[in-house]
Amino acid sequence: MSTIETLNWRYATKRFSDKKVSEQDLNTMYEAIRLSPSSYGLQLFKVLDIQDEKIKEELKPAAWGQAQITEASNLFVFCNYTNITEGHIDEVLKLKSDVQNIPIENLNGYGDFMKSKILALPGEAQSVWTAKQCYIALSNLMNSAAELGIDSCPMEGFEPEKFNEILGLNEKGLNAAVICAVGYRSEEDPTSGAPKVRKPKADLIEMV
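These notes cover the structure that comes with them. Note that the coordinates shown come from a computational prediction; the quantities given were computed from them, not determined experimentally.

Description of the sheet that holds strand β1 (residues 45-50)
And step 1. Spatial strand order, β1-β2-β4-β3: 4 strands in an open sheet with antiparallel pairing. Pairing within the sheet leaves two strands with one partner each, and these edge strands are β1 and β3 (151-155). For this sheet, the mean inter-axis angle between neighbouring strands, taken without regard to orientation, is 25°.
And step 2. Each of β1, β2 (74-81) and β4 (174-183) is contacted by helix α2 (residues 23-34), which is oriented at about 20° to β2, the strand it contacts most.

Following this line, the structure appears as structure tokens:
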């Protein structure tokens, strides 16, 4: 399918079948997440792929009892770092030095610039900023899934505090920002055949 055909095909799947996503397809989606752009290239998030059925059952009440949590093959939890440290930035600078064969001292100025901008943000602003990066990776996950003929449902209808507690995220300086159920649509999903509702181009796009 073309990009537009793929986007027309996918929808926010409400009911999933019991078919499991293959390891090969999962690795493709993992790579799409890994290659996602992020501000400064810092990738200040982690993604949990929840496959354990017991953990899904435990999480379900914290997601308003929605069926996607337990029916989907995989539940992706996108977690943002809530407090950015110099170590986070230094780690990426070291990686950039190694991958691009740049002497680390040549990156000191860039590192100091990032630290002066990012570390100066209040704690809450840091958390909001890193949470936004999760949504870019989420989009890549959904698009790569659709290209593979795999359904998805992005979800903000959950209680982050309870997800954080159940998954032990607080101790790791992480917060559940957004989740996405991934799998294959069920024939019992009443929304699967509904026409896609989107505003017309004239209402969304303005040439200046």
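Some thoughts on the packing of aromatic side chains
And step 1. Under the definition given, this model contains 3 aromatic pairs.
And step 2. Residues Y30 and F76 carry aromatic rings whose centres are separated by 6.3 Å and whose planes lie at 65° to one another, so their mutual orientation is edge-to-face. You can see Y30 sitting in helix α2 and its partner F76 sitting in strand β2, a full 46 residues away along the chain.
And step 3. By relative accessible area, which is 32% here, Y30 ends up partly exposed.

Observations concerning the nonpolar core
And step 1. Ranked by size, the top nonpolar core spans 30 residues in total, and within it L75, V77, F163 and I179 carry the most contacts.
And step 2. Every element with two or more residues in this core is listed here: β2, α5 (86-100), α6 (108-118), β3, α8 (160-167) and β4.
And step 3. Formed by 20 residues, the second largest nonpolar core is a distinct cluster that contains F76, F78, A145 and Y184.

Observations regarding the packing of α5 against α6
And step 1. Two elements in contact, α5 and α6, have axes separated by 10 Å at closest approach and are oriented at 150°. As judged from the angle between their axes, α5 and α6 are roughly antiparallel. Here α5 and α6 pass one another in a crossing that is right-handed. Seen from α5, the contacting residues are E86, I89, D90 and L93; seen from α6, they are Y110, G111, M114, K115 and I118.
And step 2. In the contact of α5 with α6, the residues fall into 5 nonpolar, 1 polar and 3 charged.

Thoughts on the packing of α2 against helix α7 (residues 123-147)
And step 1. In the contact formed by α2 and α7, the axes pass within 8 Å of each other and the chain directions differ by 150°. For α2 against α7, the interelement crossing comes out right-handed. For the pair α2 and α7, the contacting residues are M29, A32 and I33 in the first and A137, N140, L141, S144 and A145 in the second.
And step 2. Tallied by class, residues from the contact of α2 with α7 come to 6 nonpolar, 2 polar and no charged.

Observations concerning unusual backbone geometry
And step 1. Phi at Y40 takes a positive value of approximately 60°, unusual for a residue other than glycine.
And step 2. Structurally, Y40 is set in the loop between α2 and β1.
And step 3. Backbone geometry places W64, a non-glycine residue, at a positive phi of 60°.
And step 4. Mapped onto the elements of the fold, W64 is located in the loop between α3 (53-59) and α4 (68-71).

Concerning the environment of Y135
And step 1. Mapping Y135 onto the fold places it in helix α7.
And step 2. For the pair formed by Y135 and Q100, sequence separation is 35 residues and the distance between their alpha carbons is 27 Å.

Brief notes about the pattern of salt bridges
And step 1. Scanning all chains against the criterion turns up 9 salt bridges.
And step 2. Here K115 and D90 are joined by a salt bridge, their closest N and O atoms 2.7 Å apart. You can see K115 sitting in helix α6 and its partner D90 sitting in helix α5, a full 25 residues away along the chain.
And step 3. On the accessibility criterion, K115 (16% relative accessible area) is buried.
And step 4. Judged by its relative accessible area of 33%, D90 is partly exposed.
And step 5. Where K162 meets E159, a salt bridge forms, and the shortest distance between an N and an O atom there is 3.4 Å.
And step 6. Residue classification places E159 among the partly exposed residues on the basis of a relative accessible area of 26%.
And step 7. By sharing partners, the salt bridges in this structure join K20, E53 and K56 into a single network.

Criteria and thresholds
- Residues numbered from 1 in each chain as written.
- Predicted model: local features only at pLDDT ≥ 70, side-chain atom pairs only at ≥ 80, totals over all residues.
- Heavy atoms only, no water.
- Pairing = 2+ DSSP bridges.
- Helix = DSSP H or I, 4+ residues; strand = E, 2+ residues; numbered from the N terminus.
- Axes fitted to C-alpha atoms, helices over the stretch in contact; angles between N-to-C directions.
- Contact = heavy atoms within 4.5 Å.
- Phe/Tyr/Trp six-rings, centres within 6.5 Å; stacked < 30°, edge-to-face > 60°.
- Buried < 20%, exposed > 50% of the residue type's maximum accessible area, 1.4 Å probe, protein only.
- Core = buried A, V, L, I, M, F, W, Y, C linked by side-chain atoms within 4.5 Å.
- Parallel < 35°, antiparallel > 145°, perpendicular 65-115°, else oblique.
- Left-handed = near helix turned anticlockwise from the far one by under 90°.
- Nonpolar A, V, L, I, M, F, W, Y, C, P; charged D, E, K, R; others polar.
- Salt bridge = Lys/Arg side-chain N within 4 Å of Asp/Glu carboxyl O.

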